[in-house]
Amino acid sequence: MQFIANGFIYRKSNSIIHKLDPRVKLLISIQLFTLALLVSDLYNLLIIFVAISIFSLLAKITQRLLRTMIFAAGFSMLILIINYFAGYSLIYSVQIALRFISIVCSTSLFFLVTSPDELEYVLRWFRLPRDLVFAFVTSVRFVPVILMDTLQIMDAQKSRGLELEKGNPIKRIKKFVPILVPLIINEVIRSGELAEAMESRGYGISKKPTSLYSLKLANYDMIVIVITIISFSSIILLGY
Amino acid sequence: MSVKDLIRFNDFSFKYNSRNDKVLENINLSINSNEITVLAGPTGCGKSTLLRAIVGLIPNMYEGEYTGEVIVDGIKIKDAEIKEIAKRVGFVFQNPENQIFMFSVERDIAFGLENLSLEQEIIKKRINEIMETLNITHLAKKAPHELSDGQKQRTALAGVLAMQPKILILDEPTSLLDPKTATEFMELMNKLCKEKGMSIIIVEHRLDLVLKYADKLIILSNGKIISNDTPENVFDYKKDVIPELSIPFSTKLYRELANNSMKFSKPVTGVEDMIKEVKK
Amino acid sequence: MIKFENVNYNHPDGTNALNDINLEIPENSITAIVGNNGAGKTTLVKHINGLLKPTTGTVRIKNEDTRKSSVAELSRNVGMVFQNANHQLFADTVKNEILFGLNNFRFNEEFIKERYDFVIELFKLKKYESISPLKLSGGEKKRVCLASVLAWNPEILILDEPTVGQDELQKTVLLEFINQLHINKKTVIVISHDIEFLWRLQPNIVTMSGGNIVEIGNSEKIFRNEELMNKVGIIPPQIIKIFEGIGIKDEMPLSLEDSCTVIKNLRNS
């Protein structure tokens, strides 16, 4: 679980990719994602693959991305086998598998180089309703906390003799009740406290809250935008 | 410059819709600026409800039967907009984890200021000032899971103080801290109160840690105020004290000795006073 | 009874949490583990019931290496009551909550009934028997947690911050309860910041800081060592501050009554 999760969790770094405006990072990921969907021949898919690898090298996140690739590769093997046995040619099946890996990796790339803070700024820039953005931000912020709570509850119940690994499947599912009940209650209580804290700090007073930082495109960002759009368009045009 | 009656309760009673009896009954109370008020009492006595009534969570978030008045800085809480209250009252809850919403310390401190629609320049200035005051400037870009409990608490405090409230409410601030950190925290509260003239209300069980800083001690029991006076007067040996209250040892010793005919110039609420009295 | 031999523990991410711990906790003792937040107190006690196993070194309970046993096996003899009652309570009735541990350890019916009746009486929970523990107040919840752990009669009992959120009366009951366990030959380990409570309890004290054990001693020795206390983030109990301030150099009075006697004698001389 942790293995896979590490492929999607933000990693601090000062690489040239990390320094980009988050909207540009999003643009890059969307371009890679779209290319993977549009392009059909093996040759072009390999180019996309190489592009992703170049980005991951520049962003110094190759190790993490590799984990995503392995996870995706496992899945795509399954896709490959199913397609092949469904009657499609081997080459076609390989294309589909590669496409899947590229889609997953381009998504992973975005989350690895974009901090949750930047993510929030992007969502706000899209003028999404503040409540929605805030709900998203809070969920991501509290995931590690909820995980800690789960571990602590498991510790407490293990100390009372609960053995999660033993017993037939039905018994083992029942054993999760002493874990889930306290967890759910804790998180419901937590939500209540969060709501109180939000209210007391004036959440919702204004429909147009101001912001600590504003997103501004630097020259660097503009150059990267131009380069990627040109490359993106070229690949598509060349494909036809 | 001290302001009297910064907070006033006039015959205030409250019953939650979800419960059968009143949680607070006939509360009459006056709290001034430039003072640290400690609120104590057994669990379930209504302390949290009282705090919620000051900050407006009652009636805005909790419904029930609301009788009487709560007036804060001249505003009647019952009819006031959250906006008006949030500008004046800051609430630091017991668990700092549940008050830090954002991914970095400085973004979280900015939260309240963004809600108040302050200009970016002012937001930046206030954040820098408060981080300076609380000694957390080096933590500005850190994520909440990278902070210790004490640091989380100071972050939560910073987020509230940045809004420059006149009144600061703290719910059991020492419960997660070790005694040394707790003492440092109380020193900070004392400094804030004297330098900025704030009115600080602290709910606490651990009277031994906070009593020496209290200008006023209010004891609540079963929804009613049973004491509201300076700590010396509350613990005067001639007066009874409910057994659930954790009285500091120096005070217990004073009461025991005074009840056995030893003479004291005034009631003892701390270690230094006790030492002075015995040496006389 | 409990032995830590050259124990080091590293978190999964590599950071060191316990550094070269050598500790012996004798049978039938009352020990308090004290130190600032992050010193490693909870990490230490989790090695006693096997929740954590040392990275290097050995932890022995009655001479058996904890690595040889599962948490469930060790927990039969080592009961742990965690700081947050809400991390433990889940059952639909207090009765089922208390029976949970007893059932997990597969004791025979007679023993279960005997122990259940004993703890429900001891903790005065009979009237809450059919109520869900989730509906009780903070203090009552803690009693249910204590009852449910003590139910299976472990020889070693570990309490993590048992006084937090408790009022004076509840603390006194807790104190009597721990002393009673001691009389019944149990080994008790307490993690606590509540110095005043610890002074009344008079346990052996293990001070920790930064993953290390700094010093071990009895309450009087530790609470009079200002330099040590500063280092591990604690302050002396008021009784010590008062009597040292007055000028008493030898043994400190332990209780309120003793303190009164000492002061009266001072006055009279």
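Definitions and cut-offs
Residues numbered from 1 in each chain as written. Chains lettered and ligands numbered in written order. Predicted model: local features only at pLDDT ≥ 70, side-chain atom pairs only at ≥ 80, totals over all residues. Pairing = 2+ DSSP bridges. Helix = DSSP H or I, 4+ residues; strand = E, 2+ residues; numbered from the N terminus. Contact = placed C-beta atoms within 7 Å. Nonpolar A, V, L, I, M, F, W, Y, C, P; charged D, E, K, R; others polar. Buried ≥ 20, exposed ≤ 12 C-beta atoms within 10 Å, placed from the backbone. Right-handed = clockwise from strand over helix to strand, strands pointing away. Domains from an automatic or database assignment.

**Student:** How should I be thinking about the pairing of strand β10 (residues 224-229) of chain B in this particular structure?
**Tutor:** The side chains of a regular strand alternate between the sheet's two faces. All names here are of chain B. Here strand β9 (residues 216-221) runs beside β10; their pairing, made up of five bridges, is antiparallel. Looking across to β10, one finds that S221 is bridged to K224. The hairpin turn running from β9 into β10, its antiparallel successor, is two residues long, and N222 in that turn takes a positive phi close to 55°.

**Student:** Just to check I follow, could you spell out the interface of chain C and chain A for this structure?
**Tutor:** Accessible area lost during the coming together of the parts is what is often quoted as the interface size. Across the contact, 17 residues belong to chain C and 16 residues belong to chain A. Looking at the side of chain C that touches chain A, the elements with two or more residues in it are α2 (71-75) and α3 (94-104) of chain C. Taken together, the residues that form the side of chain C that touches chain A break down as ten nonpolar, seven polar and no charged.

**Student:** What's the story with the pairing of strand β7 (residues 167-171) of chain B in this structure? I'm lost.
**Tutor:** Residue and element names in this part refer to chain B. For β7, a buried count of four out of five residues is recorded, marking the element as mostly surrounded by other parts of the structure. Relative to β7, strand β6 (residues 89-92) runs parallel, the two being bridged by four bridges. Bridge pairing in β7 links G90 to L168. Pairing geometry for β7 and strand β8 (residues 199-203), over five bridges, is parallel. Within β8, the residue paired with L168 across the bridge is I200. What joins β7 to β8 is helix α7 (residues 179-196), and the crossover it makes is right-handed.

**Student:** Is there a simple way to explain the domain arrangement of chain C in this structure?
**Tutor:** Residues and elements named next belong to chain C. Each assigned domain of chain C is listed here: domain 1 (2-228) and domain 2 (237-269). Listed by partner, the interface residues are seven residues for domain 1 and six residues for domain 2. Of all the secondary structure elements, the ones that give two or more residues to the side of domain 1 that touches domain 2 are α7 (195-201) and α8 (219-223). Among the elements that make up the side of domain 1 that touches domain 2, the one with the highest residue count is α7 (three residues).

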